[in-house]
Amino acid sequence: MKVARWKVLGVAGALVLGYAATTQAAQIKVDEDTFADFGYNMKIMYQKFDEREKGDAGWKKNVFDIKDSRFYISGQVSKMVQFYGEWNASGAYKEPTAGYAKDNKVGLGEAGVNFVFMPELQVRAGKVRVPFTRYQMTSGYSLIIPTDAWYDKGGAGANGVFKNIIKDIAEDKDRGIEFTNPLDLIGKADGGLVVHGDIANGMFRYNVGVFNEDKRKDEAFKGLQWVARVEFTPTMLGYAPESTTSPHGKVKDTYLGKKDVLTIGLGYYKEKLYDKEYTNYKSLEVDGWTADLFFEKKFGCWVPNLQIGYIKLNDSHFYNDISSNVWKKGDTSLWYAQGQLLYDAVVGFGKPALAIRYENVEADGVYTTNYTTKKDFAFDRWGVAFNYYLKGQAAKVSLGFDKVEYDDAAKAFLKYSEYEDSITDYYLYIQTMF
């Protein structure tokens, strides 16, 4: 019996390394129900950053960088118990103002277990994707614009207007008020649990999740973050559902013509961000909603792709209305539209595609100089990428640019601080997946 058991574990597959039939990964297989896929993904990028500061202190940079270096495992213990994990080895340079020091850290990006009781009832738990917006559910290795969403790179050293600069004028630490960056509220992965499933063979999909409330200043993990998302695909018209029956539940920015997809999604989110009695308000509890649409269909050799979405975050931050010297609660709205046109035939070494993205971000706020008062911090971003798929997403090269123009209060602050209020950054991007 002992010899037979060791033959099963040692020979029948426990350490038999081969190639998975449906992925680029290598696979260890014990039997038909127990296996694990292993792989390695990487993003390499050259970026030419535009000038950020005006005058003699003008700032321009040329940077080659490893944006992501990721090891992953995905598989199942049985048909009911799935698992996955991703570890990011970051050799990326820190922000330019930090002197371009390398951090060289390896950390857990995501990991979780998915219990498949039936397609209609599944439970995913761990550090997993937050199912509020489609953006949060999208794989970072399927993006048609590789520089990702909400491209806020303005100000000194490309640190970001929302992240660092507005923060400096929207805080009153003596009174215990700290600025919350609204863009940070749309994080992709967090610790939590999601009940989800596919109904009517994927025509309807639902996600209901509870996650860590870890963004609250000085009082993280005091409560819970709640999210919900439902999606509809008209399968009766021949469109394929984006099934969530997988360990990670991710969707893609493009399926490269492999299937026709039409998905309409609605999401809801609620979380407390602040709870201190000596502010003007006893709490800051954000709630948000989103609506989005994704379409991709192959017509002969052409594969058009379109995605549009809107996100509204109510009470996402405090801001100081200097004109009346009163602290107020502010809202944030974000909307975007993007698309890609793929020529699904080999030209030279791969398949070419042109992708475009537009996004607008606007957060309530006030900025006053000696001359004028402007309301609302806002920016518009145009992203354009020429994508060349050498072997699908497994081998891809992109050449493109991002143009960001700040407006209203953000523009007034940048001009007063002698920063550029319009920037254009160029990049060359290389992606590999195994």
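In this text, all values refer to a predicted model and were calculated from it rather than measured experimentally.

What counts, and where the lines are drawn
Once a new chain begins, its residue numbering starts again from 1 and follows that chain's sequence as written. In keeping with the model being predicted, local features are shown solely for residues with a pLDDT of at least 70 and side-chain atom pairs are shown and tallied solely at 80 or more, while totals for entire chains, interfaces and linings include all residues. Hydrogens and water molecules were not included; the side-chain quantities draw on all heavy atoms of the structure. The helix and strand labels rest on DSSP assignments: H or I over at least four residues marks a helix, E over at least two residues marks a strand, and numbering proceeds from the N terminus. Relative accessibility decides the category of a residue: with a 1.4 Å probe and only protein chains considered, values under 20% of the type maximum give buried, values over 50% give exposed, and everything between is partly exposed. Whether two residues are in contact is decided by their heavy atoms: any pair within 4.5 Å suffices. What sets the accessible areas is the Shrake-Rupley method with a 1.4 Å probe; for residues, cover comes only from the shown protein chains. We treat two strands as partners when DSSP finds at least two bridges between them. What qualifies as a polar contact is a pair of N or O atoms within 3.5 Å, subject to a donor-acceptor requirement within protein and to the restriction that residues adjacent in sequence count only when both atoms come from side chains. Each salt bridge in this description consists of a side-chain nitrogen of Lys or Arg and a carboxyl oxygen of Asp or Glu lying within 4 Å of one another. Per-residue confidence from the predictor is reported as pLDDT, which spans 0 to 100. Nonpolar cores are built from buried Ala, Val, Leu, Ile, Met, Phe, Trp, Tyr and Cys residues. Side-chain atoms within 4.5 Å join them into one set. Geometry of aromatic contacts follows a simple scheme: Phe, Tyr and Trp rings, the Trp one being its six-membered ring, pair when their centres are within 6.5 Å, and the pair is stacked under 30 degrees between planes, edge-to-face over 60, tilted otherwise. Note on patches: the residues involved have over 30% relative accessible area and no salt bridge, like charges join within 9 Å, and the nonpolar side chains Val, Leu, Ile, Met, Phe, Trp and Tyr join within 5 Å. Counting rule for charge: Lys and Arg are taken as positive, Asp and Glu as negative, and neither His nor the chain ends is counted. A charged residue contributes its charge at one atom only: NZ of Lys, CZ of Arg, CG of Asp or CD of Glu.

Peer 1: Explain the overall build of the chain residue by residue, including any values.
Peer 2: Tallying secondary structure elements over the chain gives four helices and 18 strands in all. Counting the 434 residues in the chain, one finds 49% classified as buried. At a minimum sequence separation of 6, the contacts of the chain that also span at least 24 residues come to 62%. Summed over its atoms, the accessible surface of the chain is roughly 20100 Å², and 59% of this surface lies on carbon and sulfur atoms.

Peer 1: Quick one: what's the story with the pairing of strand E18 (residues 422-433), residue by residue and with numbers?
Peer 2: Note: strand E3 (residues 34-49) against E18, eight bridges, orientation antiparallel. Residue pairing in the sheet places Ile 44 in a bridge with Ile 430 of E18. One ladder, built from eleven bridges, connects strand E17 (residues 395-407) with E18; its direction is antiparallel. Each bridged residue has a counterpart across the sheet, and for Val 397 the counterpart in E18 is Ile 430.

Peer 1: Any details on the environment of Asp 380? Residues and values, ideally.
Peer 2: Here Asp 380 lies in strand E16 (residues 373-389). Residues Asp 380 and Glu 362, spaced 18 residues apart in sequence, show a C-alpha to C-alpha distance of 9.0 Å. With sequence-adjacent residues up to four places away left out, Asp 380 is seen in contact with Tyr 358, Glu 359, Asn 360, Lys 403, Val 404 and Glu 405. Within the structure, the side chain of Asp 380 is placed 2.8 Å from the side chain of Asn 360, a separation counted as a polar contact.

Peer 1: Go over the side chain of Arg 134, please, and point to the residues and values.
Peer 2: With respect to the helices, strands and loops of the structure, Arg 134 is situated in helix H2 (residues 134-137). With relative accessibility at 1%, the residue Arg 134 sits in the buried group. Of the polar contacts made by the side chain of Arg 134, one reaches the side chain of Glu 242; its length is 2.8 Å. Excluding anything up to four places from it in sequence, Arg 134 contacts Arg 229, Glu 242, Val 251, Lys 252, Thr 263, Asp 292, Phe 294 and Gln 307.

Peer 1: Break down the pattern of salt bridges for me, with residues and values.
Peer 2: By the definition in use, this model includes 20 salt bridges. The residue Glu 110 makes a salt bridge to Arg 129 at a minimum N-O spacing of 2.8 Å. Of this pair, Glu 110 sits in strand E6 (residues 105-118) while Arg 129 sits in strand E7 (residues 121-129), and the two are 19 residues apart along the sequence. A salt bridge links Lys 403 to Glu 405; the shortest N-O distance between them is 3.9 Å. Sharing partners across several salt bridges, the network here consists of Asp 68, Arg 70, Glu 86, Glu 110, Arg 129 and Lys 250.

Peer 1: Run through the confidence of the model for the chain, naming residues and quoting values.
Peer 2: Averaged over all residues, the pLDDT of the chain is 86; the fraction at 70 or higher stands at 84%. Taken element by element, the chain is modelled with least confidence in helix H1 (residues 2-10), mean pLDDT 40, and with most confidence in E17, mean pLDDT 97. Counting interchain partners and residues more than four positions distant, the pLDDT-below-50 stretch residues 1-23 has 31 contacts. Below a pLDDT of 50 lies the segment residues 95-100, which in the model reaches 15 contacts outside its immediate sequence neighbourhood of four places, other chains included.

Peer 1: Explain the side chain of Arg 52 residue by residue, including any values.
Peer 2: Assignment of secondary structure puts Arg 52 in the loop between E3 and strand E4 (61-76). Side-chain polar atoms of Arg 52 contact the backbone oxygen of Lys 153, separated by 3.0 Å. With sequence-adjacent residues up to four places away left out, Arg 52 is seen in contact with Trp 59, Lys 153, Gly 155, Gly 157, Ala 158, Tyr 419, Glu 420, Ile 423 and Asp 425.

Peer 1: Can you tell me about the nonpolar core, naming the residues and giving the values?
Peer 2: With 47 residues, the main nonpolar core has Trp 150, Phe 162, Leu 313 and Leu 334 as its most contacted residues. Per-element accounting of this core gives the leading share, five residues, to helix H4 (residues 408-416). In this view, Leu 313 contacts Phe 132, Pro 182, Leu 185, Tyr 269, Val 286, Asp 287, Gly 288, Asp 331, Thr 332 and Leu 334; residues no more than four positions away in its chain are not counted. Grouped together as the second largest cluster of nonpolar side chains are twelve residues, Met 45, Ala 353, Ala 355 and Tyr 389 included.

Peer 1: Could you give an account of the packing of aromatic side chains, naming the residues involved and the relevant values?
Peer 2: Considering all chains together, one arrives at 19 aromatic pairs under this definition. Aromatic pair Phe 162 and Phe 379: ring centres 5.6 Å apart, planes at 75°, arrangement edge-to-face. Of this pair, Phe 162 sits in helix H3 (residues 161-169) while Phe 379 sits in strand E16, placing them 217 residues apart in sequence. What makes Phe 162 buried here is its relative accessible area of 0%.

Peer 1: Before we move on, can you summarise a positive patch on the surface with the specific residues and values?
Peer 2: Together, Lys 54, Lys 374, Lys 411 and Lys 415 give the surface a local cluster of positive charge. The residue Lys 374 is located in strand E16 in this model.

Peer 1: Got a sec to walk through the pairing of strand E10 (residues 224-232)? Specific residues and values, please.
Peer 2: Going residue by residue along E10, you find Gln 225, Val 227, Arg 229 and Glu 231 tucked away on one face and Leu 224, Trp 226, Ala 228, Val 230 and Phe 232 left uncovered on the opposite face. Pairing geometry for strand E9 (residues 204-212) and E10, over nine bridges, is antiparallel. By the bridge assignment, Asn 212 is partnered in E10 with Leu 224. Strand direction decides the pairing type here: E10 and strand E11 (residues 261-274), joined by seven bridges, are antiparallel. Pairing of Ala 228 across the sheet is with Tyr 268, part of E11.

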